[in-house]
Amino acid sequence: MGTAATPGTPTETTGPADSDLVRAALGREVRRTPVWFMRQAGRSLPEYRALRAGTAMLAACQDPDLVTEITLQPVRRHGVDAAILFSDIVLPLVVAGIDIDIKPGVGPVIANPVRSVADVDALPDLEPEALGFLATAVSRLTAELGDTPLIGFAGAPFTLATYLIEGGPSKEHARTKAFMYAEPQAWERLLAKLSVSASVFLRTQVDAGASAVQLFDSWAGVLSASDYATRVLPHSRAVFDGLGDRAAGVRDVPRIHFGVGTGELLPLIGDAGADVVGVDWRVPLDEAARRVGPGYSLQGNLDPAVLLADRETLDREVRRIVEQGRAARGHVFNLGHGVLPDTDPGAITHAVELVHELTTR
């Protein structure tokens, strides 16, 4: 579209801290709606599959060379407005010494699940000194990316607790919720331990140059609003608080908070300390803006399956989401969850270009 800039609208980027991603996250005027995609670096890209061949996922996440190249691949190919660090939400647990394997087609599998109070107390702590590889990768990426911001990320305490207790992925998370109800004191200690780990993991990324962070609470949607508010939210808030007091002059970055199936939890997810509330595809963005209130930006929320549809359908859905996103104080265009493995990379690139065309000031 290329319309003239309105008064107060920035006309050129002066670094990642002034990028459209950061500006949208903080509710400031943008040049165009920023776009990035969860799982944009991954199995949908042939260059990713070629590079990862023969290297296990968790090994790749701890190799600064691979992390750097994989993170950069979608930025080069799609022209997205942000990179997100190539990593895995269970990586802090692995680095701390917990025996976890990511099995193809299954996901993270825990050798010794947490099933008792003693198991909680025996969990090792994550030491910042063990994250040198992470700081190296982030430093390299920020140098390579220039004005393009890098998003750091971590798994939220509840979602990590589900993997530890269930022993792997779960649909019902029944063991997790049973432990939460039956062992409230151990539950509190477990989530407190995991919140410290997530904060250490995020702080390392921020100190090395990340321009924003996202906390993934992928499975929080299995909880009632009451249980989330009393048993989970305080620990997610502790993760964000661990990044530093904004009033104390500590280097600060925008905070994005996302979960799947969290339509009933959206106001609480914002209340955990987010600047941006991630919304999955189930709730329209204009309705999400009403639920969270005016103090937050929104991220989302194209259904990942739409990228598998015909171009006319994709265009219609992108236009709808762009329009609905105008109801929020700021909008970061994204999917309602991660890119599906069978997605045509060309569809992703087209979606990026269309959002930019529709929203360029």
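Residues numbered from 1 in each chain as written. Predicted model: local features only at pLDDT ≥ 70, side-chain atom pairs only at ≥ 80, totals over all residues. Heavy atoms only, no water.

Here we look at the overall build of the chain
Across its full length, the chain carries 16 helices and nine strands. The globule rule puts the C-alpha radius of gyration for 361 residues at 21 Å, and the 19 Å found for the chain is close to it. For the chain, the spread of C-alpha atoms along the principal axes amounts to about 65 × 45 × 45 Å. Sorting the 361 residues of the chain into buried and exposed places 57% on the buried side. Counting only contacts in the chain whose residues sit at least 6 apart along the sequence, the fraction spanning at least 24 positions is 72%. When the accessible surface of the chain is totalled, it reaches about 14,200 Å², and 50% of it is carbon and sulfur. Side-chain charges in the chain split into 34 positive and 45 negative, and the spacing between the mean points of these groups amounts to 2 Å. (Helix = DSSP H or I, 4+ residues; strand = E, 2+ residues; numbered from the N terminus. Rg over C-alpha atoms; globule rule 2.2 N^0.38 Å. Buried < 20%, exposed > 50% of the residue type's maximum accessible area, 1.4 Å probe, protein only. Contact = heavy atoms within 4.5 Å. Areas by Shrake-Rupley, 256 points an atom, 1.4 Å probe, with all protein chains shown as cover. Lys, Arg positive; Asp, Glu negative; His and termini not counted. Charge placed at Lys NZ, Arg CZ, Asp CG, Glu CD.)

Overview of the sheet that holds strand β6 (residues 255–258)
Read from one edge to the other, the open sheet built from seven strands follows the order β1-β4-β5-β6-β7-β8-β9, with strand pairing classed as parallel. Each edge of the open sheet carries a strand with a single partner, namely β1 (83–84) and β9 (331–335). Sheet topology note: the β1/strand β4 (residues 150–155) ladder contains two bridges and is parallel. When the sheet's bridge partners are listed, A83 is paired in β4 with L150. (Pairing = 2+ DSSP bridges.)

Details of the packing of aromatic side chains
Using the criterion set out here, one finds four aromatic pairs in the structure. A ring pair is formed by Y48 and F86, whose centres lie 5.8 Å apart and whose planes are at 65 degrees; its orientation type is edge-to-face. Taken as a pair, Y48 in helix α2 (residues 46–52) and F86 in the loop between β1 and α5 (91–96) lie far apart in primary sequence, 38 residues in all. Both residues of the pair, Y48 and F86, belong to the buried class. Ring centres 6.2 Å apart and planes at 80 degrees place the aromatic pair F216 and F258 in the edge-to-face group. On the criterion of sequence distance, the pair formed by F216 in strand β5 (residues 212–216) and F258 in strand β6 is long-range, its members being 42 residues apart. F258 shares its class with F216; the two are buried. An aromatic cluster is defined as three or more aromatic residues linked by ring pairs; in this entry it consists of F153, F216 and F258. (Phe/Tyr/Trp six-rings, centres within 6.5 Å; stacked < 30°, edge-to-face > 60°.)

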